[in-house]
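In case you want the letters, here they are:
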Amino acid sequence: MIMRAASTTGPMQHRESRHSVRGGRRVFAAALLLGACLFSGSALATPPAAAPADALIPRSILFKAPTYSEVQISPDGRQLAYLHPLDGVLNIWVAPIDDPAAGVPLTRFDKRPPDGFQWSPDGRFILVLKDIAGEEHSQLWVANLAKGTVVNVTNDPGAQTKIVKTSARHPGEVLVGLNLRDRRYRDIYRIDLETGERTEVYRNADNYIDVVADPDFNIRLGVRGNADGSSTYFRLDPGGRSELMTIPLVSLRNSRPLGLDGKGRLLMFDSRQSDKAGLVSLDIATGVRTPIADAKRADIVDAIFDEKTEALLATREDPLVGEWTVRSSDVTGEFAAIDAALKGAFKIVGQTPDNERWLLLETAPGNADRYLWWNRKGRTATELFSTRPDLARSALAPRIPVEIASRDGLTLPSYLTLPTHAKLGANGMPTTPVPLVLVVHGGPWLRDDLAFDNQHAWLADRGYAALSVNFRGSGGFGSAFMAAGDKQWSEAMHNDLLDAVKWAIDKGVTSKDRVAVMGLSYGGYSTLVSLSFTPDTFQCGVSLAGPSNLPRLIAGMPAWWTWQRPQFENRVGNPATAEGAADLMRRSPIARVDAITKPLLVTIGADDPRIFPDQADEIVDALVARRKPVSYAFYPDEGHVYAKDGTNISFAAIAEHFLSKCLGGPAEAYGEDLVGSQVELRAGAGLVPGLERAFKASGGAVTAGK
């Protein structure tokens, strides 16, 4: 049994989904621009170290979906399910466990891939969560393996589905939450997986933002969101309701239940009595809390138990490089043998029911991530497949873990990738400074890690250094590190990024006139902040789904985000008060649009439910009116996270030519890379070398009037 921290997503977070594997999935999400920069001759005096243009790794390989991802073992141990492309869209395939090449598609989604899936406890069904057009109204699709059918049992495009519980005691059913009656809150339904029939079993009259069920499908706990951002858990007993615990805001992102057993014991990651989340058991009848494993250097994010005895074997943390702490002497030698057999850090992502094999996901420097079987008796590792076999013969630059000191004494876990063909000195840094791209993650309560990242691989192949920083507010490093980002948007959080750029300059990685910035969601906001608050530091930037107007962002949250609105009001700001609205506007890039002088690319999807397109429209219109260098790529068929291969490849093509003009690296010809998307160029197409010609050749038309 493997327990891992479930991700919680908010308006500024992208779901770690689709395009690279790291236990959860992460997306490049339509790539990046580094815009038609206005550069001095000195900026390109030394061209970046890169392969010739005809030797570049094709964008069509780097930015298509992984070949294999999200591998899961069936409950009987006889089959594997995994995501694999079908006609350019990730779908679920099923194969015999020892013959994955014999896999056949179970689903045939033709527009968007699943957001997630899991086996039913008896292995007869696969439960799939997937939205329709990117609006994140997850529908529950039930795939019947025997019949070969895939049925949407939610069948309401405006509703959002959450799987509450599956149980071996009820293998043919699932307990779900559906916001059919009230879009803000979910009632609980029991669904028959064979027929799709659903029965309401709990009417959420008390407006709980979540519930916890036991293996008999009894609703045992209700979770109430409080105005101060905390969450209170109530026992829901036949005799009435009583309070069990409150998780304060400071602990909320790294404290969460993992499961409730039939004896009323709640297993959870918990940081309420420490800075970093440990593993505990909580008796919900008495409230007695029993520590199981304390964290060492970062939040515990994975725990593996023996399938037969349920004894805790090991826990995993990720302070900079993922590391396991052995919790049972029975497996001390085994974990040492895995470390010796593998080339890099690993996760345990599956176990066979007989407990004889573990499924590992390895991250090795200079390689795409790969799946391996670990034979526990023979203590041998056998490769199952690479997540991206098309890159097997490509020279990939390794991501280097580094720790960077902030100006006020925090340690920022970060990852640097140097150009693939750069000449390095004795200190491991380039002998001559190279252009640098600062890549800012979303959330902001997500994090970067060491897993394969196609953004970094792409940039390094084109002759650029790529740097990703876990600034304060990032998740996984304890409660205090996250809380240090409260009310610090555009301030201390941004200072961390500036400190990282200075570090790179001081180390000789780059020079001060050769730095670009880009990012998705919060990273998109950070890009806008970089160009509007500190315009002299960056030569250009790309904002992918980045909000420009913070009061509008928080005030406009959709109804089904009611559960987390208090977190944003307390961690970011509250637009409902005059003081709060003024402070949020002060930290909004739209209020400093006159300071933007460097080229910017803005892009967004029409169906984005987190950052509405008017956030992009507002800042683009303001820049166009002021004759500032801005380009705008709009995707009418995408959401917050770009899902289609054609979208990601097309935007990478635009970004690459922008980058070439800005920082001087090579660019692969457009070729057919714009043909597979629905991109609309709404502003500044002429700023991108060759874009108008390539766009018209693909059958597109530049929007007039911008």
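This text goes with the structure placed above it.
Peer 1: Is there a simple way to think about the overall build of the protein in this case?
Peer 2: The helix and strand tally for the protein stands at 12 helices and 39 strands. Relative to the compact-globule value of 27 Å for 706 residues, the protein shows a C-alpha radius of gyration of 25 Å, a close match. A buried classification covers 60% of the 706 residues belonging to the protein. Taking contacts inside the protein between residues at least 6 apart in sequence as the whole, the part at least 24 apart equals 57%. About 24,900 Å² of surface is accessible on the protein, with carbon and sulfur atoms providing 49% of the total. Charged side chains in the protein number 78 positive and 82 negative. The centres of these two groups are separated by 2 Å.

Peer 1: Help me out: how do you make sense of the state of the cysteines in this one?
Peer 2: One covalent bond between the sulfur atoms of two cysteine residues makes up a disulfide. Scanning all chains against the criterion turns up 1 disulfide. In this model, Cys-540 is linked to Cys-662 through a disulfide, with the two sulfur atoms separated by 2.3 Å. Here the S-S torsion is close to -95°, and the disulfide linking Cys-540 with Cys-662 is therefore left-handed. Of this pair, Cys-540 sits in the loop between helix 6 (522-533) and strand 36 (541-544) while Cys-662 sits in helix 11 (residues 645-663); the two residues are 122 residues apart in sequence, bridging distant segments of the chain. By the burial criterion, Cys-540 is buried, and Cys-662 matches it.

Peer 1: What should I look at first to understand the packing of helix 5 (residues 492-506) against helix 6 in this one?
Peer 2: Working note: a packed helix pair is described by the angle between its axes plus the distance between those axes. The N-to-C vectors of helix 5 and helix 6 enclose an angle of 75°; their axes lie 11 Å apart at closest approach. Regarding the angle of helix 5 to helix 6, the classification is roughly perpendicular. Here helix 5 contributes Met-493, His-494 and Leu-497 to the contact with helix 6, which in turn contributes Tyr-522, Ser-526, Val-529 and Ser-530.

Peer 1: Would you take a moment to explain the nonpolar core for this structure?
Peer 2: Most often, soluble globular proteins keep nonpolar side chains buried together rather than apart. Grouped together as the largest cluster of nonpolar side chains are 105 residues, with contacts concentrated most on Val-437, Leu-438, Leu-459, Leu-467, Ile-619 and Ile-654. When residues in this core are grouped by element, the largest group, 10 residues, is from helix 11.

Peer 1: Any chance you could explain helix 5 here in plain terms?
Peer 2: Turn by turn, an α-helix covers 3.6 residues, leaving residues three or four places apart pointing in a common direction. In this model, helix 5 (15 residues) spans 20 Å end to end at C-alpha, consistent with the 21 Å of a helix rising 1.5 Å per residue. Of all 15 residues making up helix 5, 11 are buried, and the element is well covered by its neighbours. Buried residues of helix 5: Ala-492, Met-493, His-494, Asp-496, Leu-497, Leu-498, Asp-499, Ala-500, Val-501, Trp-503 and Ala-504, and no others. Backbone geometry just downstream of helix 5 places Gly-508 in the positive-phi region, at approximately 85°.

Peer 1: I keep staring at the environment of Gly-646 and nothing clicks. Help me out?
Peer 2: One can find Gly-646 in helix 11. Placed 583 residues apart in sequence, Gly-646 and Phe-63 show a C-alpha to C-alpha distance of 8.8 Å. Apart from residues lying up to four places away in sequence, Gly-646 is in contact with Asp-673, Gly-676 and Ser-677.

Peer 1: Just checking my understanding: could you explain the sheet that holds strand 21 (residues 265-270) for this structure?
Peer 2: Where strands meet in a sheet, backbone hydrogen bonds hold them as pairs that are either parallel or antiparallel. The strand order across the open sheet built from 4 strands is 20-21-22-23, with neighbouring strands paired in antiparallel fashion. A strand with exactly one partner marks an edge of an open sheet, and here the two such strands are strand 20 (256-260) and strand 23 (289-293). Shown here is a sheet whose adjacent strand axes are inclined to one another by a mean of 30°, direction ignored.

Peer 1: Whenever I open this one, the side chain of Asp-182 confuses me. Can you help?
Peer 2: Here Asp-182 is to be found in strand 13 (residues 173-182). Here Arg-184 takes part through its side chain, which lies 2.9 Å from a polar atom of the side chain of Asp-182.

Peer 1: I keep staring at the pattern of salt bridges and nothing clicks. Help me out?
Peer 2: Side chains that carry opposite charge are capable of pairing whenever their charged atoms lie near each other. Tallied over the entire structure, the rule returns 50 salt bridges. Glu-323 is paired through a salt bridge with Arg-297; the nearest N and O atoms lie 2.9 Å apart. A residue pair is termed long-range when its members are at least 10 positions apart, and Glu-323 in strand 26 (residues 323-326) and Arg-297 in the loop between strand 23 and strand 24 (300-305) qualify at 26 residues. We note a salt bridge from Glu-491 to Arg-586, for which the minimum N-O separation is 2.7 Å. One end of the pair, Glu-491, is in the loop between helix 4 (479-483) and helix 5; the other, Arg-586, is in helix 9 (residues 578-586), with 95 residues separating them in the sequence. Linked through salt bridges whose partners overlap, the residues forming this network are Arg-59, Asp-461, Arg-462, Glu-656, Glu-668 and Asp-673.

About the criteria used
- Residues numbered from 1 in each chain as written.
- Predicted model: local features only at pLDDT ≥ 70, side-chain atom pairs only at ≥ 80, totals over all residues.
- Heavy atoms only, no water.
- Helix = DSSP H or I, 4+ residues; strand = E, 2+ residues; numbered from the N terminus.
- Rg over C-alpha atoms; globule rule 2.2 N^0.38 Å.
- Buried < 20%, exposed > 50% of the residue type's maximum accessible area, 1.4 Å probe, protein only.
- Contact = heavy atoms within 4.5 Å.
- Areas by Shrake-Rupley, 256 points an atom, 1.4 Å probe, with all protein chains shown as cover.
- Lys, Arg positive; Asp, Glu negative; His and termini not counted.
- Charge placed at Lys NZ, Arg CZ, Asp CG, Glu CD.
- Disulfide = S-S within 2.5 Å.
- Axes fitted to C-alpha atoms, helices over the stretch in contact; angles between N-to-C directions.
- Parallel < 35°, antiparallel > 145°, perpendicular 65-115°, else oblique.
- Core = buried A, V, L, I, M, F, W, Y, C linked by side-chain atoms within 4.5 Å.
- Expected span 1.5 Å × (residues − 1).
- Pairing = 2+ DSSP bridges.
- Polar contact = N/O pair within 3.5 Å; in protein donor to acceptor, adjacent residues only side chain to side chain.
- Salt bridge = Lys/Arg side-chain N within 4 Å of Asp/Glu carboxyl O.

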